[in-house]
Amino acid sequence: MSDVTMGASASYVQSETIAAKAPPPAPKHRPWTPARVVGTTWLTLWIAGGLGILWFLLNSNSVAVVFGGDGLLPVSITHNAKFLIKYGEKFVSGFIITLKLVAVSMLLGVLLSIPMTFMRMSKNRILGGIAYGYVYFFRGTPLLAQVFLIYYGAGTFREPLQSVDMWWFFRDAWNCAVLAFTLNTAAYQVEILRGSIESIAKGQWEAASALGLPKWLTFWKIILPQALIVSLRPYGNEIILMIKGSAIVAIITIYDLMGETRRAFSRTYDFQAYVWAAIAYLVMVETLRRAWDRIEARLTRHLHR
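Here the structure is a predicted model, which means the values were calculated and not measured.

A. Summary view of the UniProt feature "transmembrane region" (unreviewed entry) in the chain. The UniProt record annotates "transmembrane region" (unreviewed entry) at residues 37-58, 91-114, 126-152, 239-258 and 273-292. The span residues 37-58 carries 100% helix and 0% strand; its end-to-end C-alpha distance comes to 31 Å. Across residues 239-258, helical content stands at 45% and strand content at 0%; the span's end C-alpha atoms are separated by 17 Å.

B. Just the pattern of salt bridges, in detail. This structure, assessed with the given rule, holds ten salt bridges. Between Glu 191 and Arg 120 there is a salt bridge, and its shortest N-O distance comes to 3.2 Å. Within this pair, whereas Glu 191 is found in helix α9 (residues 173-199), its partner Arg 120 is found in helix α3 (residues 82-121), the two being separated by 71 residues in sequence. With its nearest N and O atoms 3.3 Å apart, the salt bridge here joins Asp 293 to Arg 289. Of this pair, Asp 293 and Arg 289 both sit in helix α14 (residues 272-299), four residues apart, which is roughly one turn of that helix. We classify Arg 289 as partly exposed; its relative accessible area is 34%.

C. Broad picture of the packing of helix α10 (residues 202-210) against helix α11 (residues 215-230). With their axes 10 Å apart at the nearest point, α10 and α11 run at an angle of 145° to one another. The two elements α10 and α11 cross, and the hand of that crossing is right-handed. Where α10 abuts α11, its residues Gln 204, Trp 205 and Ala 208 lie against Lys 215, Thr 218, Phe 219, Ile 222, Ile 223 and Gln 226. Partitioning the contact of α10 with α11 into residue classes produces five nonpolar, three polar and one charged.

D. A look at a nonpolar patch on the surface. Among the surface-exposed residues, Leu 43, Ile 47, Leu 51, Leu 54, Leu 58 and Val 63 lie close enough to one another that they form a single nonpolar patch of about 530 Å² accessible area. Examined against the element boundaries, Leu 51 turns out to sit in helix α2 (residues 34-60).

E. Expanded view of the environment of Leu 54. Tracing the sequence through the fold places Leu 54 in helix α2. Judged by its relative accessible area of 47%, Leu 54 falls in the partly exposed class. As for Leu 54 and Val 275, which are separated by 221 residues in sequence, their C-alpha atoms are 9.9 Å apart.

F. The layout of surface pockets, seen in detail. Its volume calculated, the largest pocket comes out at about 470 Å³. Lining the largest pocket, in full, are Met 121, Lys 123, Ile 197, Glu 198, Ile 200, Lys 202, Trp 205, Glu 206, Lys 215, Trp 216 and Phe 219. Secondary structure elements with two or more residues in the lining of the largest pocket: α9, α10 and α11. When its residues are assigned to classes, the lining of the largest pocket shows six nonpolar, no polar and five charged. For the second largest pocket, the full set of lining residues is Leu 45, Trp 46, Gly 49, Gly 50, Ile 53, Val 275, Ala 278, Ile 279, Leu 282 and Val 283. Counting only elements with at least two residues in the lining of the second largest pocket, the list comes to α2 and α14. Grouping the constituent residues of the lining of the second largest pocket by class yields eight nonpolar, two polar and no charged.

G. Quick peek at unusual backbone geometry. Located in the positive-phi region is Asp 165, a residue other than glycine, with phi close to 60°. Relative to the helices and strands, Asp 165 is located in the loop between α7 (158-163) and α8 (167-170). Notably, Thr 253 is not glycine yet its phi reads approximately 65°, a positive angle. In this fold, Thr 253 is placed in the loop between α12 (232-245) and α13 (257-268).

H. Inspection of the nonpolar core at higher detail. Formed by 58 residues in total, the largest nonpolar core has its most connected members in Phe 91, Tyr 134, Phe 170, Phe 181, Ile 239, Ile 243 and Tyr 281. For this core, the element with the most residues is α9, which contributes 13 residues. Ignoring anything within four residues of it in the chain, the contact list for Phe 91 reads Phe 83, Leu 257, Glu 260, Thr 261, Ala 264, Ala 273, Trp 276 and Ala 277.

I. Representation of helix α5 (residues 143-151) within the structure. Within the span of α5, buried status applies to Leu 143, Gln 146, Val 147 and Ile 150. Take α5 and look down its axis: the buried residues cluster within an arc of 100°, on one side only. For α5, the secondary structure elements touched by its buried residues are α4 (125-140), α6 (153-156), α8, α9 and α12.

J. Expanded view of the packing of aromatic side chains. This model, assessed by the stated rule, comprises 16 aromatic pairs. On the basis of an interplanar angle of 80° and a centroid distance of 6.3 Å, the ring pair of Trp 42 and Trp 46 is categorised as edge-to-face. Here the residue Trp 42 and the residue Trp 46 both occupy positions in helix α2, the gap between them amounting to four residues, near one helical turn. The exposed category is assigned to Trp 42, whose relative accessible area is 55%. When its relative accessible area of 58% is taken as the criterion, Trp 46 is described as exposed. Each residue in the set Phe 56, Phe 265, Tyr 269, Phe 271 and Tyr 274 is aromatic and connected to the rest through ring pairs, giving one cluster. When the ring centre of Trp 32 is taken as origin, the NZ or CZ atom of Arg 36, which lies over that ring, is 4.0 Å away.

About the thresholds
- Residues numbered from 1 in each chain as written.
- Predicted model: local features only at pLDDT ≥ 70, side-chain atom pairs only at ≥ 80, totals over all residues.
- Heavy atoms only, no water.
- UniProt positions renumbered as here; feature names shortened; annotations may be inferred.
- Helix = DSSP H or I, 4+ residues; strand = E, 2+ residues; numbered from the N terminus.
- Salt bridge = Lys/Arg side-chain N within 4 Å of Asp/Glu carboxyl O.
- Buried < 20%, exposed > 50% of the residue type's maximum accessible area, 1.4 Å probe, protein only.
- Axes fitted to C-alpha atoms, helices over the stretch in contact; angles between N-to-C directions.
- Left-handed = near helix turned anticlockwise from the far one by under 90°.
- Contact = heavy atoms within 4.5 Å.
- Nonpolar A, V, L, I, M, F, W, Y, C, P; charged D, E, K, R; others polar.
- Patch = residues over 30% accessible without salt bridge, like charges linked within 9 Å, V, L, I, M, F, W, Y side chains within 5 Å.
- Areas by Shrake-Rupley, 256 points an atom, 1.4 Å probe, with all protein chains shown as cover.
- 1 Å grid on protein atoms, 1.4 Å probe; cavity = no way out; pocket = protein on both sides within 12 Å on 5 of 7 lines; lining within 4 Å.
- Points joined across faces, edges and corners; volume = space filled by probe spheres on them.
- Core = buried A, V, L, I, M, F, W, Y, C linked by side-chain atoms within 4.5 Å.
- Arc of directions from axis to C-beta.
- Phe/Tyr/Trp six-rings, centres within 6.5 Å; stacked < 30°, edge-to-face > 60°.
- Lys NZ or Arg CZ within 6 Å of the ring centre and 35° of its normal.

And the structure:
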């Protein structure tokens with residue numbers, strides 16, 4: 001009985017040796033195609049531009065490396081950053097005001113876009129026409145013109161606004177900027193949300209109806225979560241556009257980041273003011289982009305295998 005068992009187990013053992021596989025061939029030298037030449041040239045220009053900006057900032061603040069002297073390291077760095085010492089705190093204040101403006105406008109825009117989306121998708125012609133006209137106007141006209149219409153146009157109706165006790169709101173540049181940005185971003189968010197909802201297959205509505213689910217429950221529990229995932233990337237792009245578009249509020253006496261930059265340049269005629277402003281906007285946009293990528297990866301982790 002043991003011999004039979006040993007014979008059966010031995011039949012599973014392979015008697016032939018497996019030959020080792022040959023190592024993979026060495027990678028071939030990539031040819032210099034026109035696309036590679038253009039890409040390398042473009043990357044070189046970007047690096048040269050970055051180094052040029054760095055040299056300009058160091059030179060503007062009299063940063064220098066001095067060799068010699070006492071101490072553990074015979075090297076010291078000297079600087080004379082008068083511009084940053086005088087205006088650095090104001091730049092930080094403008095940076096915070098820009099973030100507040102974008103955050104408040106986006107939040108109010110989300111709240112306004114939800115009912116406007118229902119109106120836009122409504123079969124009622126009156127409601128649909130009102131929503132279409134709103135979206136058409138605020139997407140078809142420049143944001144700068146909308147800010148001017150609200151801020152300077154409100155002065156034309158000062159007496160009627162005072163009669164309804166609303167002049168206190170429109171005489172403040174901050175309130176007018178928030179209102180203009182809210183109305184503008186809400187118009188774009190309406191189309192983002194509407195497109196995302198309509199991208200969901202109608203079969204899901206039909207399946208939920210077959211199960212006896214009411215339409216409102218189907219929308220909130222099935223359709224809307226999927227639509228929000230689809231709209232994540234467009235929403236991120238809209239926030240980035242709002243951050244860059246917020247610079248125009250400096251024209252109506254709001255000292256945001258660009259407002260402080262213009263004031264600093266008008267007093268010093270030092271071009272590094274705009275360089276620091278560009279770096280600050282780049283930091284805002286890049287930080288938001290990376291955070292949004294993490295949020296999107298977190299919410300869509302079930303879609304990846």
